[in-house]
Structure formats: structure tokens, C-alpha cells
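# Structure at a glance
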Amino acid sequence: MHNIFIIGSNSFSGASFANYALKQGADVVGISRSKEANRPFLPYKWENHSNFTFYSLDINQHLEEIIALVDDLKPTHIINFAAQSMVAESWLKPNDWFMTNVVSTIKLHDELRKCDFLKRYVHVSTPEVYGSCSGFVDENFPFNPSTPYAVSRAAADMSLRTFYDEYKFPVVTTRAANVYGPGQQLYRIIPRTILYILLGKKIQLHGGGFSTRSFIHMNDVSRATWKIMEQGKIGHTYHISTNEIISIRELVESICVKLNVKFKNHVEVVGERAGKDSAYQLKSAKLRDELDWQEEINLDQGLNESISWVKENLEVLKKEVFDYQHKP
């Protein structure tokens, strides 16, 4: 049985993976800097799991407590979803992004490399490190980050390469396309669009929404992450993506059709965000070929699930803060 330690378990990806790991029979400990969010945002609370324990700990402020907890529990696998993750906002206070994503993260790695009981450390990174790309790119594509967020993530990724080379630190890295699904934070494009339409508000489309992305359902990402955690080659990186590419405009148009509203009545075009990548498209052949993974939920089905989640939790969600709230 796996003994799993999840850093960033309050995040959408972390909470969803926790739920998946618990379904596999794992004992799971989750830590996040904030207290547990409301139930609609924590998929692991949607089912009756008894093998989950949560601690409110911040890698910026409680590193000694976190390492003491790791030493006590001796997890076989650690998965780190924690990061300052907003792209546009990283221009406003870049020092906060570098403190969390570089300084505190590397301090954490320097302690974890001494844990001889650790079988795998899964570092959840981002395709933002590649910058804007034309065509599909593989895991060896050169870094060309274009925002403080992306630079901070690239720095930690590069540091981990040296930790693997020097210490054989058992790291595997994941980079996923745009994740979505029930339970996602309301400032993300899919739940925000659904919620705004249901509330009669207008959604802003930066630059007209012509940047293109691949959207992948969080359940497919969790299955992939589990496979990578168990079977991925130490020191390697794996892309998690579909081959289905869509512009943000087309995505919003699809949601409008599903909710039977007119696109022009619910959209406001605004200026583009600084440093925004027009496209990044990930080759996922390595994951598919080596670990026998493939996605199971297409975008049409996933959007229907997200719409149902918003509708079922509308009374709770409309009382939440819709915009991203920065915490140092």
C-alpha cells in the first residue's frame, strides 16, 4: 500500500489527485497553506474516505514542521502541486512568485533529498516554461519562459535536474496541458464562464480569445500522475495532454451553445495580458507509449460535467469570491 504525501492538497489538481489516490487504497496526508476550502472545491470530500489527514502548513513559513512531519510519517511518495501559479499576476509582485516557486521549493528539495525512504518525488511543473510555441513540442524542448511565473518554475525545474545528476534524487516531473473539471477554482476560464452566464454577467476575453490551448480533464491528469508516480523513469519528464486544440474564444462559444445563450451577450473583449503565450501544444507520446496511458474524457463530456457541477453547487458558488486572491 502506498503512503502518499501531497503538498498543495487544497489546489484543484492536488485535491483531485488526493481523491484518486484514496480510491486506489492509498493512505494520504495532504498539506496546504490555507485551511481546507468549501466542500465543492475538494473532490476528496465528495466521497467517504477515512484514510486522509490534512495539515495546514506553508512551505514558506513552516518548512521545519513539514520536514519533521515527513520524517515521522516516512511517505513512500511525495507529490508537490504547491506553487504561486497565476501568470498575469506574477508581474505585480514577482518576488512572491520567486520566493515560493524557487527559494522555498529548492529548500524543500534540499531536505527531501536526504530522505532515504522516499521512492518517488513527483514535481508538478508547467508548459509555461517553454514560452509560446508553434506546433507540438516534446519534453526536450528548450525553455523560453516569458513571464515571472514561468521563469520561477523553470528555475526550480533546472535545479531539480542538478539534484538528480548529483544526488540521484528520485524525481519525476509532469507538465500538463490546461486542466479543468468539477471542483476547479472560479477564476479559471471554464467555471468562470459557466458561472457568469448563469448569473447574467459578462466574461472578459483577453485579446479576443484567439490564443489556443489543449484542455484536459483533471480525472485523466490524475490517472496519468498516478502512473508516472508508480512507473515513470527517475529523472524524466512526462507531458500530460490531449491532441485536441481549441481557441479560448471557441471554448467560450461552446459553453454558450450548451447553456443556450448568445455569445455576444455574455462576452467583453479586453486587451491582451502581458507576456501571454499565444499557444503551447504538448506531445504526449512518451506517456502513452511508455506507460500505456490515454485520455478517457473528451472536452464535450468534460464541459457537460463542469456545467452540472456549477449548477448543482450554484447557491454556494455564487457566495464565493470570483477573482483570484493573492497570498504571499
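Predicted, not measured: the structure shown is a model, and the values here were computed from it. (Residues numbered from 1 in each chain as written. Predicted model: local features only at pLDDT ≥ 70, side-chain atom pairs only at ≥ 80, totals over all residues. Heavy atoms only, no water.)

Among the secondary structure elements, His-266 is positioned in the loop between α7 (248–258) and β13 (267–270). Every residue in contact with His-266, bar those within four places of it in the chain, is listed here: Ile-197, Gly-200, Lys-201, Lys-202, Ile-203 and Val-261. (Helix = DSSP H or I, 4+ residues; strand = E, 2+ residues; numbered from the N terminus. Contact = heavy atoms within 4.5 Å.)

This part is about the packing of aromatic side chains. Evaluation of the coordinates by the stated rule reveals 12 aromatic pairs. With a centroid separation of 5.5 Å and 80° between ring planes, the pair formed by Tyr-187 and Tyr-324 is classed as edge-to-face. On the criterion of sequence distance, the pair formed by Tyr-187 in the loop between β8 (178–180) and α5 (189–199) and Tyr-324 in the segment after α10 (314–317) is long-range, its members being 137 residues apart. On the accessibility criterion, Tyr-187 (23% relative accessible area) is partly exposed. When its relative accessible area of 16% is taken as the criterion, Tyr-324 is described as buried. A connected cluster of aromatic rings, assembled from ring pairs, spans Phe-17, Tyr-20, Phe-81 and Trp-226. For the cation-ring pair, Lys-201 lies above Tyr-196, with the distance from its terminal atom to the ring centre recorded as 5.0 Å. (Phe/Tyr/Trp six-rings, centres within 6.5 Å; stacked < 30°, edge-to-face > 60°. Buried < 20%, exposed > 50% of the residue type's maximum accessible area, 1.4 Å probe, protein only. Lys NZ or Arg CZ within 6 Å of the ring centre and 35° of its normal.)

All right, on to the nonpolar core then. Counting residues in hydrophobic clusters, the biggest one holds 33 residues, and the most contacted among them are Ile-4, Phe-17, Val-28, Tyr-44, Ile-79 and Ile-240. Contact partners of Phe-17, with chain neighbours within four places excluded, come to Ile-6, Ile-79, Phe-81, Ser-222, Thr-225, Trp-226 and Met-229. Core analysis: the next-biggest nonpolar cluster, separate from the first, contains 27 residues, Tyr-180, Phe-215, Phe-263 and Ile-307 among them. (Core = buried A, V, L, I, M, F, W, Y, C linked by side-chain atoms within 4.5 Å.)

The next point concerns unusual backbone geometry. A negative phi angle is the norm for most residues apart from glycine, just as the trans form is the norm for most peptide bonds. Phi angles above zero are rare outside glycine, and Lys-168 is one such case at about 55°. When you line up the elements, Lys-168 lands in the loop between α4 (148–167) and β7 (171–176). Even without being glycine, Asn-260 reaches a positive phi, approximately 60°.

A separate point is the pairing of strand β4 (residues 77–80). Burial along β4 is two-sided: His-77 and Ile-79 facing one way and Ile-78 and Asn-80 facing the other are all buried. Relative to strand β5 (residues 120–125), β4 is paired through 4 bridges, and the arrangement is parallel. Each bridged residue has a counterpart across the sheet, and for Ile-79 the counterpart in β5 is Val-122. (Pairing = 2+ DSSP bridges.)

Let us now look at the pattern of salt bridges. Counted by the stated rule, this structure contains 13 salt bridges. Across the salt bridge formed by Glu-111 and Lys-114, the nearest N and O atoms sit 3.6 Å from each other. Looking at Glu-111, the relative accessible area reads 28%, which means it is partly exposed. Its salt-bridge partner being Lys-258, residue Asp-300 comes within 2.6 Å of it at the nearest N-O pair. Of this pair, Asp-300 sits in helix α9 (residues 299–312) while Lys-258 is found in helix α7, placing the two residues 42 residues apart along the sequence. What makes Asp-300 partly exposed here is its relative accessible area of 44%. (Salt bridge = Lys/Arg side-chain N within 4 Å of Asp/Glu carboxyl O.)

Time to look at empty space enclosed by the protein. Taken as a whole and judged by the stated rule, the model has 1 cavity of 30 Å³ or more. The volume enclosed by the largest cavity comes to roughly 40 Å³. Of all the secondary structure elements, the ones that give two or more residues to the lining of the largest cavity are α3 (94–112), β5 and α4. In the lining of the largest cavity, the residues fall into 4 nonpolar, 4 polar and 1 charged. (1 Å grid on protein atoms, 1.4 Å probe; cavity = no way out; pocket = protein on both sides within 12 Å on 5 of 7 lines; lining within 4 Å. Points joined across faces, edges and corners; volume = space filled by probe spheres on them. Nonpolar A, V, L, I, M, F, W, Y, C, P; charged D, E, K, R; others polar.)

Here the focus is the sheet that holds β8. In spatial order, the strands read β8-β10-β12; together these 3 strands make up an open sheet with mixed pairing. The open sheet terminates on both sides in strands that have one partner only, identified here as β8 and β12 (245–247). Averaged over all pairs of adjacent strands, the angle between strand axes in this sheet comes to 50°, irrespective of strand direction. Together, β8 and β10 (212–217) form the strand contacts of helix α6 (residues 218–231), whose direction differs from that of β10 by roughly 75°. (Axes fitted to C-alpha atoms, helices over the stretch in contact; angles between N-to-C directions.)

Right, let's talk about the environment of Ala-156 for a bit. On the secondary structure map, Ala-156 appears in helix α4. Sequence separation between Ala-156 and Ser-247 is 91 residues; the distance between their C-alpha atoms is 29 Å.

When its volume is computed, the second largest pocket comes out at roughly 380 Å³. Per-element accounting of the lining of the second largest pocket gives the leading share, 5 residues, to α4. Of the residues in the lining of the second largest pocket, the class split is 6 nonpolar, 6 polar and 8 charged.

For any two helices packed against each other, the geometry comes down to the angle between their axes and how far apart the axes lie. Close contact between α7 and α9 brings their axes to 11 Å; oriented N to C, the two are set at 60°. With respect to each other, α7 and α9 are oriented oblique. The handedness of the crossing between α7 and α9 comes out as right-handed. Where α7 approaches α9, its residues Leu-251, Ser-254, Ile-255 and Lys-258 are matched on the opposing element by Leu-299, Asp-300, Leu-303, Asn-304 and Ile-307. (Parallel < 35°, antiparallel > 145°, perpendicular 65-115°, else oblique. Left-handed = near helix turned anticlockwise from the far one by under 90°.)

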